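Fold and geometry: a report
As a plain string of letters, each chain reads:
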Amino acid sequence: MTDAARTTATILRLGHQGDGVAEGPLFAPRTLPNEVVSGVLQGSQLSDIRIETPSEQRVQPPCRHYKSCGGCQLQHASEEFVANWKVEVVRNALSAQGLETEFRPIHTSPAQSRRRATLTVRRTKKGAMAGFHGRASDVITPIPDCQLLDPQLIAAIPLAEALAIAGASRKTPLLVTVTTSETGLDVLVRDGKPLDGSLRVELAQLAGRHGVCRLTWEDEQVAMEQPPLQRFGSAPVCPPPGSFLQATKDGETALLATVQEITKGAKRILDLFAGCGTFALPLATQAEVYALEGDSEMIAALEAGWRRGTGLKHLRAETRDLFRNPLLPEDMKPFGAHYEAAVIDPPRAGAEAQIAQLAKAQLPVIAYVSCNPVSFARDAKTLVSAGYQLNWVQVVDQFRWSAHTELAASFTLPG
């Protein structure tokens, strides 16, 4: 104890959320292993933290907003430390299931490459304020020099503020999701005032002045100058508003290259949790693809992209809830022949039911893309227990400076 109000602790490791963990356990955000820190103890959390003995891996955060903004958790750590820590998070998750494998060097997306952000925007007496929440706080931090977001998203902050002035209540902030596309900004607004005639006109005018290709207010399209296109391989796709996209184009490219390597040579490929076609459409240049996804609007976008693409083989797309109704082994035998490979990219919960059926089907090759090392390791254990070999893992860090980790993994049946 340094005095009656402060507690001193030595950080032993980082937890899965990126917070330092000391004996107790005590949790101390924005600290690093082997640092001696002091702070005010509130339950199991240290606040008002001072770094008494810094780690050699501590660096000056590259973003001037880091101290007040809650968008990043790890800017105080060196790039080498973060890269090694994220690989170890995956390695430890596998080890907990009794598994080990080769790890390829991590791929990290560059700064200022995030192509989607949800800004919180609150009306003020003098106008509006847009930004991210502070850590564990309702306070909005302006982020004009954010080092994470694509500059096109930073340039959209005045638009977000104008949308709040036009259509936010004084009590509830707007949530404005802005996504870059080939044709302009795709904007989705939540928690705004109900639409009426005058608000529609004002919003359409704002969209025109700020280079917005599509503006959606809640679930209603207010303006569309032209479809907001994402390109998957040769196929231009117009995703539904707010639908899933990989966080950076760089990260998407890295994951796709890994999936293509794993499935190379396969002539018939399953794509499970296919989204709008991130993998299915590029893979259709080399193989026939059967793409399944639970969201019917995303499947419709995938199919429309396939029709507009060039040089693509046959693609079959189906809306199917793979959690409640997983694809069965007998569904994986078109014309009496097995699919030769499967790609699976489930949400954070993983794909326990679908993986069980893939294990029974004994497809020769599986490319597993995951955004949660723990659910991935659980599903990997199921596949390995069914005779698969986990050949290697490629960690992809497209959520730079966050505790979030993604990966792609190669599974094959021996022989």
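So, here's what we can say about the structure. Note that this is a predicted model, so its numbers are computed, not measured.

Moving on, we come to the packing of helix α8 (residues 352-361) against helix α9 (residues 373-385). Where α8 contacts α9, the axes come no closer than 9 Å and their chain directions differ by 20 degrees. One element, α8, and the other, α9, form an angle in the roughly parallel class. Once α8 is placed against α9, the crossing between them reads as right-handed. Side by side, α8 and α9 meet where E352, I355, A356 and A359 of the first sit next to R378, D379, T382 and L383 of the second. Partitioned by chemical class, the residues of the contact of α8 with α9 number four nonpolar, one polar and three charged.

The calculated volume of the largest pocket comes to roughly 950 Å³. Lining of the largest pocket is provided by 43 residues; of these, R116, F244, L245, A247 and F399 occupy positions nearest its centre. For the lining of the largest pocket, the secondary structure elements donating two or more residues are β8 (116-124), β9 (127-133) and β21 (365-370). At four residues, β8 tops the list of elements feeding residues into the lining of the largest pocket. By residue class, the composition of the lining of the largest pocket is 18 nonpolar, 15 polar and ten charged. In this structure, the second largest pocket encloses a volume near 560 Å³. Lining the second largest pocket are 19 residues; nearest its centre among them are P29, R30, I49, Y66 and K67. Split by residue class, the lining of the second largest pocket holds eight nonpolar, six polar and five charged.

A few words on the environment of C146. Looking at where C146 falls in the secondary structure, it is placed in the loop between β10 (140-142) and α2 (151-154). A sequence separation of 34 residues divides C146 from Q112, and the C-alpha atoms of the two residues are 7.8 Å apart. With sequence-adjacent residues up to four places away left out, C146 is seen in contact with C63, H65, Q112 and I154.

The next thing to look at is the sheet that holds β9. Taken together, the seven strands give an open sheet; going across it, the order is β10-β9-β8-β11-β12-β13-β14, and neighbouring strands pair in mixed fashion. Looking at the sheet topology across the chains shown, the edges are occupied by β10 and β14 (220-224). Geometrically, the sheet is characterised by an average inter-axis angle of 35 degrees between neighbouring strands, direction not taken into account. Sitting on the sheet, helix α3 (residues 157-167) is in contact with β8, β9, β11 (174-181), β12 (184-190) and β13 (212-217), with an inclination near 120 degrees to β9.

Conventions used here
- Each residue is numbered by its place in its chain's sequence as written, counting from 1.
- With pLDDT at 70 or above as the cut-off, local features in this predicted model cover only qualifying residues; side-chain atom pairs require 80 or more to be listed or tallied, and sums for whole chains, interfaces and linings still use all residues.
- Excluding hydrogens and water, the side-chain figures rest on all heavy atoms present in the structure.
- Note on geometry: axes are C-alpha line fits, over the in-contact stretch for helices, and angles between N-to-C directions span 0 to 180 degrees.
- Strands here mean DSSP runs of E at least two residues long; helices mean DSSP runs of H or I at least four residues long; both are numbered from the N terminus.
- An angle below 35 degrees is treated as roughly parallel, one above 145 as roughly antiparallel, one from 65 to 115 as roughly perpendicular, and anything else as oblique.
- Note on convention: the crossing is left-handed when the near helix lies turned anticlockwise from the far helix by less than a right angle, right-handed when the turn is clockwise.
- In this analysis, two residues are considered to be in contact whenever any of their non-hydrogen atoms come within 4.5 Å of each other.
- Classification convention: Asp, Glu, Lys, Arg as charged; Ala, Val, Leu, Ile, Met, Phe, Trp, Tyr, Cys, Pro as nonpolar; all other residues, Gly among them, as polar.
- Using a 1 Å grid laid over the protein atoms alone, points where a 1.4 Å probe fits but cannot get out form a cavity; open sets with protein on both sides within 12 Å along at least 5 of 7 lines form a pocket; any residue with an atom within 4 Å of a point counts as lining.
- Grid points are joined across faces, edges and corners, and a volume is the space filled by probe spheres set on the points.
- Pairing between two strands is assigned when DSSP locates at least 2 bridges connecting them.

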